[in-house]
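# Summary of structural features
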Amino acid sequence: MDRYDLTIIGGGSAGLVLAVAGAKLGKKTALVEKHRLGGDCLWTGCVPSKALLKAAKVANYFKNSEKYGIPSCETAPDFQQVMNYVRSTQNHIEEEHDNPERFRDMGVDVIFGGGHFDSPNTFIVEDSESGNTCTLNSKKFVISTGSRPLVPSIPGLKSFNYLDSENVWELTELPQRLLVVGAGPIGIELGQAFHRLGSEVTIAQRSNRIMNKEDLDVSERMFDYLRADGIDIRLNTGIDAVEKRDDEITITFAGSNQDENADNQKQTFDKVLIATGRAPNVEGLGLEEIGVQVGKSGIVVNNRLQTHVKNIYAAGDVIGHYLFTHVAAFQAQLLIKNLLLPFRQKINYGVVPWTTFCDPEVARCGLTEDEAREKYGDVDVFRLDQSDVDRAVADGETQGFTKVIASRWRGRILGVHIVGTNAGEVLHEYVLAMQEGIPLRKLSGMIHVYPTYATSVLRVAAKWISEGTLVQTLRKLIRS
C-alpha cells in the first residue's frame, strides 16, 4: 500500500495546479488520471476550439480581404491541414506544460488508470501502464474528474455516430451540411467555425434566444451577426426525431421560427453536433458508498470545497459551479490554502469572468442589466459602440459594443458585457476594478495607450462623468 499526503483524482486544470503545489510544498502527492493529462481543456475544449476558431477567422479574412484593399482569395480551406494545425497546438502545450514526465520530475507520482474509493482514506487504481492494481492510502483527496457532453433524449439519436465536443476533433472531412443542437458557447463557437471553413450550418435552439446566460442585448446582437454571416439559426425549435439512412441524416424539427413554414420541418444533414450542456464525471468512483453526496449538478461541496467526508474535497467541472478552466484553477488555488497551507478560506464567486470566443468575442463579468435591476432597483447603464473605438475602426473590426451596469451614485461596477474583437482581453481591467472595488471615476483618470481596444474602458468610464446619476443630479442642483 502506497501512502500519500495528497491524492488528486483527475488530471485537468484543477488537478494539475494542485499537483504542482503539493510537490513544491514537500507533500507526498499522487495524481491519478484515467486517460491523459490536460483534461477537457487541452484535448476537447479550450485549446482545440480556439485553434479551430483562429483558422476559421483567417479563412474569413481571406474571403473578405477586399475591404482592406487586397483581392479576395476564393481558395477553399484544406480541412485536413486545419485539423493538423489544431493537433499541433495541442501537442505543443502537452509537451511544454502537461507532459507527465514533467510532473514526475517534480516528485509527483502520476498514475494512469481508472479507480474507485474503497474507504474514505483508500483509493484503488488499475494502473494501465504497469497492469498492476495500486492501493493508495491518503490523508487528503481531491476529486477533479471533470465533465462530459450531456446527451439529450432524442428518438433515433443513438442509432448513429453523432458528434459532440469530444469526438468532433476526430473528423477527417468537413461536413457539407451540419446541424448544431444547442446555442450556448460550444454550439456558437463550433457552429461559426465550421461555417467559415465551408459547412452549411444550421443551429437549433429550444429557447427563444441564443446564448441564454448572456445579457439580452448581447444575445440579440450576436443573433443578428451570426444570421448576417450566413448561419441558419432556428429558435424555439426542438427535435422530434432523427433518422439515419445511408450517408444522410433526416431531422424532424418540433416548432419553428415565425418566418419558417411546415416545409422546413424536415431537413437533411451530413452530420449532427450535440452541444446541449455537460454532465459531471462521477460514475464508478464509489462515492455514495463512502458518504460523498452527489447532486444533479455534481459532487456536493461546502464553501471550502469540502465534501460531506471531511478529508475529501472536489473542484472543477465535477462540482458544477461555473464550468470553466480558469474557475477550476481558481478553486485549486483556494484548496492549496485550505489543504496545504495553514490558512482557511471560503470560495467567493462574486467576480467570475468568462468569454465566448466566437467572432466577435463575447465577454462578461458580473450581473446582466435585468439581474442588476432586480437586485438593486435603479442602476446606471453606459453603452459604447465598437465603432467609437478608434483601433477597432482602423482594424475594420467595428462589430460590437460595451455595456457597463453601475450603481447610481458611486459608479461601482455591477456588470460588464463586451461584444467585439479582443473582448476577453479588454474585460480584465473591469474584472480587477470589480474585484478591488474601484469605481468608474477612477478608471476615467487612468492613462490608456492609444490606439488600443482598451481605450474603450476609458471612454465608458468618462460616460460616468457626463451621464451618471450623481453628476446629472449635481448639475441640476447647481443650475437651480
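For the structure, check the block above.
Let me sum up the structure you'll find in this document. In this text, all values refer to a predicted model and were calculated from it rather than measured experimentally. (Residues numbered from 1 in each chain as written. Predicted model: local features only at pLDDT ≥ 70, side-chain atom pairs only at ≥ 80, totals over all residues. Heavy atoms only, no water.)

### Examining the overall build of the chain
Quick reminder of the rule: Segments assigned H or I by DSSP are reported as helices when at least four residues long, segments assigned E as strands when at least two residues long, and all are numbered from the N terminus. Atoms counted for the radius of gyration: C-alpha only. Globule rule: 2.2 Å times residue count to the power 0.38. Burial here depends on accessible area, computed with a 1.4 Å probe over protein chains only, as a share of the maximum for the residue type. Under 20% is buried, over 50% is exposed, and the range in between is partly exposed. By definition, residues are in contact when any of their heavy atoms lie within 4.5 Å.
Secondary structure summary: the chain contains 15 helices and 21 strands in total. Its C-alpha atoms give the chain a radius of gyration of 25 Å, near enough to 23 Å, the size a compact globule of 480 residues would have. In terms of principal-axis extent, the alpha carbons of the chain reach across some 80 × 65 × 40 Å. Relative to its full complement of 480 residues, the chain shows a buried share of 51%. In the chain, of all internal contacts separated by at least 6 residues, the share reaching a separation of at least 24 is 59%.

### A closer look at the packing of aromatic side chains
For any pair of aromatic rings, the description consists of the separation of the ring centres together with the inter-plane angle of the planes. Rules: Here is the rule: rings of Phe, Tyr and Trp (six-membered ring for Trp) pair when centre to centre is within 6.5 Å. Planes less than 30 degrees apart are stacked, more than 60 are edge-to-face, and the remainder are tilted. Geometrically, a charge over a ring is one whose NZ (Lys) or CZ (Arg) sits within 6 Å of the ring centre while staying within 35 degrees of the ring normal.
Scanning the model with the defined rule gives 8 aromatic pairs in all. Aromatic side chains Y322 and Y349 sit 5.4 Å apart centroid to centroid with 45 degrees between the ring planes, which places their arrangement in the tilted category. In this pair, Y322 sits in the loop between β16 (312-314) and α9 (325-340) while Y349 sits in the loop between α9 and β17 (353-356), placing the two residues 27 residues apart along the sequence. Taking the relative accessible area as the measure of exposure, Y322 reaches 34% and is therefore partly exposed. Here a set of aromatic residues connected by ring pairs shows up, and it is made of Y322, F324, Y349 and W354. Over the ring of Y4 we find K28; its NZ or CZ atom is 5.0 Å from the centre of that ring. Residue placement shows R102 over the ring face of F103; its charged tip is 5.3 Å from the ring centre.

### Overview of the nonpolar core
In plain terms, the rule: In plain words, nonpolar cores are sets of buried Ala, Val, Leu, Ile, Met, Phe, Trp, Tyr and Cys residues tied together by side-chain atoms within 4.5 Å.
In this structure, F117, I143 and I299 are the most contacted members of the largest nonpolar core, which totals 51 residues. Excluding its chain neighbours within four sequence positions, the residues that come into contact with I299 are I143, V282, L287, V292, Q293, V294, T307, A314, V318 and I319.

### Remarks on unusual backbone geometry
At the junction of D359 and P360, the peptide bond is cis and its omega measures out at 0 degrees in the coordinates. With respect to the secondary-structure elements, P360 resides in the loop between β17 and β18 (361-366). In this structure, the amide linkage connecting Y450 to the following residue, P451, adopts the cis form with an omega of -5 degrees. Phi is positive for N236, close to 50 degrees, though the residue is something other than glycine. Summarising the element assignment, N236 is placed in the loop between β10 (232-234) and β11 (238-245).

### Some remarks on the sheet that holds strand β14 (residues 271-274)
Note the following rule: Strands were regarded as paired on the criterion that DSSP finds at least two bridges between them. Whenever a helix is involved, its axis is fitted only over the stretch in contact; in every case the axis is a line through C-alpha atoms, and angles between N-to-C directions fall within 0 to 180 degrees.
Strand order in the open sheet formed by 4 strands is β10-β9-β8-β14, with parallel pairing between adjacent strands. Each edge of the open sheet carries a strand with a single partner, namely β10 and β14. Each strand of the sheet is rotated relative to its neighbour by a mean of 20 degrees, with strand direction disregarded. With 4 bridges joining them, strand β8 (residues 177-181) and β14 adopt parallel strand pairing. Note that in β14 the partner of V180 across the bridge is L273. The strands touched by helix α6 (residues 185-197) are β8, β9 (200-204) and β14; relative to β9, the strand with the most contacts, the crossing angle is about 160 degrees.

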